[in-house]
Amino acid sequence: MASSRFHHVVPVNALASEDGGNGSGSNGAANATASVAYDDDLESASDTGYRLPPSEIRDIVDAPPLPALSFSPLRDKILFLKRRSLPPLSDLARPEEKLAGVRIDGKCNTRSRMSFYTGIGIHQLMEDGSLGPEKEIQYLPEGAKINFLTWSNNGQHLAFTVRLDEDDGSSSKLRVWVANVDTGKARPLFESPDIYVNAVFDNFVWVNDSTLLVCTIPLSRGDPPRKPLVPSGPKIQSNEQKNVIQSRTYQDLLKDEYDEDLFEYYATTQLVLASLDGEIKTFGPPAIYTSMDPSPDQAYILLTSTHRPFSFVVPCGRFPKKVEVWKANGEFVRELCDLPLAENIPIAFNSVRKGMRSINWRADKPSNLYWVETQDGGDAKVEVSPRDIIYTQSAAPHENEHPKILHKLDLRYGGISWCDDTLALVYESWYKTRKVRTWVISPGSENVNPRILFDRSSEDVYSDPGSPMSRRTPAGTYVIAKVKKEDDGDTYLLLNGSGATPEGNIPFLDLFDINTGSKERIWQSNKEKYFETVVALMSDQKEGELSINKLKILTSKESKTENTQYYLLCWPEKKACQITNFPHPYPQLESLQKEMIRYQRKDGVQLTATLYLPPGYDPSRDGPLPCLIWSYPGEFKSKDAASQVRGSPNEFAGIGPTSPLLWLARRFAVLSGPTIPIIGEGDEEANDRYIEQLVASAEAAVEEVIRRGVADPNKIAVGGHSYGAFMTANLLARAPHLFCCGIARSGAYNRTLTPFGFQNEERTLWEATNTYVEMSPFMSANKIKKPILLIHGEEDNNPGTLTMQSDRFFNALKGHGALCRLVILPYESHGYGARESIMHVLWETDRWLQKHCAYSSDVKADLNACKDNAQGTVDSQSKAVGAAGGVQELANLDDEKFHCITRSLL
């Protein structure tokens, strides 16, 4: 399980992850069936159909994605996992069931909208760090869609699922395949064509090097339950016991008995033990298994399942939860817990479920379990000491063997890094105060008192000492690595840190003496040009302590203009060998200009942003540009923490399919991620001064780009996604003098529709009524006079950002005569995935920016002044046109203004 840390080392500019997300899946440029058109006339916005943005943007988005990387457990081979870029809309249009907070593709019996790999290439990693020739995995069916790839513990085999497109445009069910890494030959794991994977929750796991435990669709399962034409009765929910049940605005919940039956139908799994030699055996009864975790010694399996009674008010993660221990041969050992339905977990941060939680195997022991139990009833508002207790026990305890208390915590448990019986690190934190602590414990020594190693604020990135690096064990688990220096014989830990400083992040690697607290910096990124980070240890094939002189680490290295490459760094010379040589993903922007800038808010808080300028731009020659500011507010407990710099000026500019940086290709300046800290010090709630601090942060950002001479003060647009969209609408309502227009994607605008908390707000609507109302741009719709473009996915499943939020906000704006436009994207969720949708979003955004930003100052001018002083207008307008991308874009102006200027040009 822990070996998954190494499975997906993805290039920084990759557009998708294997399990789905924005920009996932296939290109679809040739396969798309939706109506798509590109029209240079941006005024034809009333036409129907999907549109394409200008080629400058389109070419970047359509660039082939780089492969994902996966390293073998022995660090001697690398997989290049190939993929296509954006899927066609037809992929998203496939039927899906929305059940218990999960979206299921019933045809595949898996989560819907999964991305996939299209091929697997194997490279040998040579001693000098170079790669051997690629060997393709063979005998896969044509058009195979590959998911859930994992290595066997000995690195000799791969296991993955394969599905195919069928004639009706749907995908087939998933089958498990295995491949021999040495030969590259792949084959189905099961000889029977009727055994399919049920991947609604888990999918499969290696039990040992020759056996997998697979979640399969029960062979006895019939057709899906049919929805009754006539309901058996009304839909009733009751709280006659007067329980206090407060929930966030979850979506896709179960609605009735039919939904319950359908969820149980698709989620129920029959576990099957399957060996590579073809032997199969059923494992346990059919159930809704949500996870399978073999013990490090491969003797036991920890099984987690859920069962009825289900709920109509919370998603499946809150359903009853049963955890059991089984022997790897299929023999039941014992039940650890059967937790009841948890509808009443308080909404306060750090509130948790009652009973046993975070049940896992100790990474440093053959088959020892550990877990946590809350002492405050799960309610963060209850004052109690200790708050959490960590227990440990063997998988199959002897009679009268009780769980052993490992450690007690006064904050909320946050995890354990295991090493051995002499050392483990325990983490705890508390959101309200931002306090985080790291404890040193000796799991095998009751007479050694635990002690605090680090006690700091999670917001204080400058004080972050780094995290201990882990090494892989022969069992395939990960434990804290110990390093020995040959000159003194002492043992050290390796602390891998981001190295936040006032000049930006400078990642480092420290030798750390856990007994004395002394540190020695053995490596640091070159802060002058590059941003290099430590990814993993590569010299941990053997058991025991690592020698500092034989240390090998994998790093990723990039600069402002050079995309991420991977290197092997070897001690003692610290010689760097470049492993990858990925091409630049968008060479047309290779020479873009990037600068991390600092400026001050009027209350003294230091702010940071990344300023991007188009390739070849010279402010003295080209003058100020139209500017797009794109951001997302954050909450802090102190001004000092809010003022700290996060990120590096040398990071590569990764451009995703809907990134604001795409407008560099349209000759915009882009201010990306200007910090907008909403600070609540002491007992003060940050959101009680949200509007004041939001506007002050925006004013500071706008003043800075104007002061630098890179932004035209009349041509500054603001935009954001989700909470950034909420920010955008508020700024147009509260600071209309700053911006000429706004773009708000997938936002929530009326906080009374999220009455039990939102974002980082813990109070309910009834506890903080004025704050909820004051923060809601819906309540200030009458104040928005600047053009605003609203975009929302029709199937948004993010808590709080229902599509209804944009619908109602648009109606409120329209009811007050605001210049506004609402774009609802069919089949899209909170983030947008289909190529047609993404291209249309880019077209809408580009049209809005050209029409209401690039030419906004001159459009506002008096038309009579244009006629009286035509030549002056030509000069100023020509300059704006040149900055925004060409004389042909004059068509974006209203007709009278356009003819006034073109007559002067003639």
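Quick caveat, the model's predicted, so the values are computed rather than measured.

1. Examining the pairing of strand E25 (residues 412–420)
Looking at chain direction, E25 and strand E26 (residues 423–430) are connected through 7 bridges and run antiparallel. Across the sheet, Ile 416 pairs through a bridge with Val 426, a residue of E26. Between E25 and E26, which pair antiparallel one after the other, the connecting turn spans 2 residues.

2. Structural notes on the confidence of the model for the protein
Considering every residue of the protein, the mean pLDDT works out to 90; 89% of them sit at 70 or more. Across residues 1–33 the pLDDT falls below 50, and counting only partners more than four positions away or on other chains, this stretch makes 109 contacts in the model. Under a pLDDT of 50 for its full length, residues 38–42 has, in the predicted model, 13 contacts with residues more than four places off or in other chains.

3. Details of the packing of aromatic side chains
We describe a pair of aromatic rings using the distance from one ring centre to the other and the angle between the two ring planes. All chains considered together, the criterion is met by 21 aromatic pairs. Between Phe 758 and Tyr 772 the ring centres are 5.2 Å apart and the planes differ by 90 degrees, which places this aromatic pair in the edge-to-face class. Here Phe 758 is found in the loop between strand E48 (741–745) and helix H8 (769–775), whereas its partner Tyr 772 is found in helix H8, with 14 residues between them in sequence. Of the two residues, Phe 758 and Tyr 772, both sit in the buried class. Through a chain of ring-to-ring contacts, the aromatic side chains of Phe 201, Phe 263, Phe 310 and Phe 319 assemble into a single cluster. One cation-aromatic arrangement involves Arg 221 over Tyr 265; the distance from NZ or CZ to the ring centre is 4.1 Å. Note that Arg 434 overlies the ring of Tyr 431, its terminal NZ or CZ placed 4.1 Å from the centroid.

4. Things to note about a negative patch on the surface
A grouping of Glu 486, Asp 487, Asp 488 and Asp 490 is seen on the molecular surface, where their side chains present a negatively charged patch. Within the secondary structure, Glu 486 is located in the loop between strand E32 (482–484) and strand E33 (491–497).

5. Some remarks on the state of the cysteines
Inspection of the entire model under this criterion finds 0 disulfides. The closest cysteine sulfur to the non-disulfide-bonded Cys 570 is located on Cys 577, 5.3 Å from its own sulfur. Since its relative accessible area comes to 16%, Cys 570 is described here as buried.

6. Quick notes on the pattern of salt bridges
The full count for this structure, using the stated rule, is 52 salt bridges. Ionic pairing is found between Glu 96 and Arg 113, a salt bridge with its closest N-O pair at 3.1 Å. One end of the pair, Glu 96, is in the loop between helix H2 (89–92) and strand E5 (97–99); the other, Arg 113, is in the loop between strand E7 (110–111) and strand E8 (119–124), and 17 residues separate them in sequence. In this structure Glu 96 comes out as buried when scored by relative accessible area, which is 17%.

7. Some details on the side chain of Arg 58
Position of Arg 58 relative to the elements: it lies in helix H1 (residues 55–61). Summary of buried charges: Arg 58 has no salt-bridge partner, and the nearest side chain of opposite charge, Asp 59, is 4.9 Å away. Reaching out from Arg 58, the side chain makes a polar contact with the backbone oxygen of Pro 53 at a distance of 2.6 Å.

8. Regarding the nonpolar core
Ranked by size, the top nonpolar core spans 61 residues in total, and within it Tyr 690, Leu 731, Phe 739, Ile 788, Phe 809 and Leu 813 carry the most contacts. Of all the elements, helix H6 (residues 690–707) adds the most residues to this core, at 9 residues. Among all residues touching Tyr 690, those that are not within four sequence positions of it are Pro 633, Ile 678, Tyr 723, Phe 726, Met 727, Asn 730 and Met 775. In this structure, Tyr 612, Ile 655, Ala 717 and Ile 743 belong to the second largest nonpolar core, which totals 39 residues.

9. A few points about helix H9 (residues 803–814)
With 12 residues, H9 should cover 16 Å at 1.5 Å per step; its first-to-last C-alpha distance of 17 Å lies within 8% of that length. If you check which residues of H9 are buried, you get Thr 803, Gln 805, Ser 806, Phe 809, Phe 810, Ala 812 and Leu 813. On its buried face, H9 sits against helix H7 (723–734), strand E49 (788–793) and strand E50 (820–825).

10. Considering the sheet that holds E5
Spatial strand order, E5-E6-E7: 3 strands in an open sheet with antiparallel pairing. Each edge of the open sheet is held by one strand with a lone partner, namely E5 and E7. Across 2 bridges, strand E6 (residues 102–105) lies against E7 in antiparallel orientation. Along E7, the bridge assignment pairs Ile 104 with Arg 111. On top of the sheet, helix H3 (residues 257–267) reaches E5 and E6; it is set at about 105 degrees to E5, its chief contact.

Cut-off values and rules
- Residues numbered from 1 in each chain as written.
- Predicted model: local features only at pLDDT ≥ 70, side-chain atom pairs only at ≥ 80, totals over all residues.
- Heavy atoms only, no water.
- Pairing = 2+ DSSP bridges.
- Helix = DSSP H or I, 4+ residues; strand = E, 2+ residues; numbered from the N terminus.
- pLDDT = per-residue confidence, 0-100.
- Contact = heavy atoms within 4.5 Å.
- Phe/Tyr/Trp six-rings, centres within 6.5 Å; stacked < 30°, edge-to-face > 60°.
- Buried < 20%, exposed > 50% of the residue type's maximum accessible area, 1.4 Å probe, protein only.
- Lys NZ or Arg CZ within 6 Å of the ring centre and 35° of its normal.
- Patch = residues over 30% accessible without salt bridge, like charges linked within 9 Å, V, L, I, M, F, W, Y side chains within 5 Å.
- Areas by Shrake-Rupley, 256 points an atom, 1.4 Å probe, with all protein chains shown as cover.
- Salt bridge = Lys/Arg side-chain N within 4 Å of Asp/Glu carboxyl O.
- Lys, Arg positive; Asp, Glu negative; His and termini not counted.
- Charge placed at Lys NZ, Arg CZ, Asp CG, Glu CD.
- Disulfide = S-S within 2.5 Å.
- Polar contact = N/O pair within 3.5 Å; in protein donor to acceptor, adjacent residues only side chain to side chain.
- Core = buried A, V, L, I, M, F, W, Y, C linked by side-chain atoms within 4.5 Å.
- Expected span 1.5 Å × (residues − 1).
- Axes fitted to C-alpha atoms, helices over the stretch in contact; angles between N-to-C directions.

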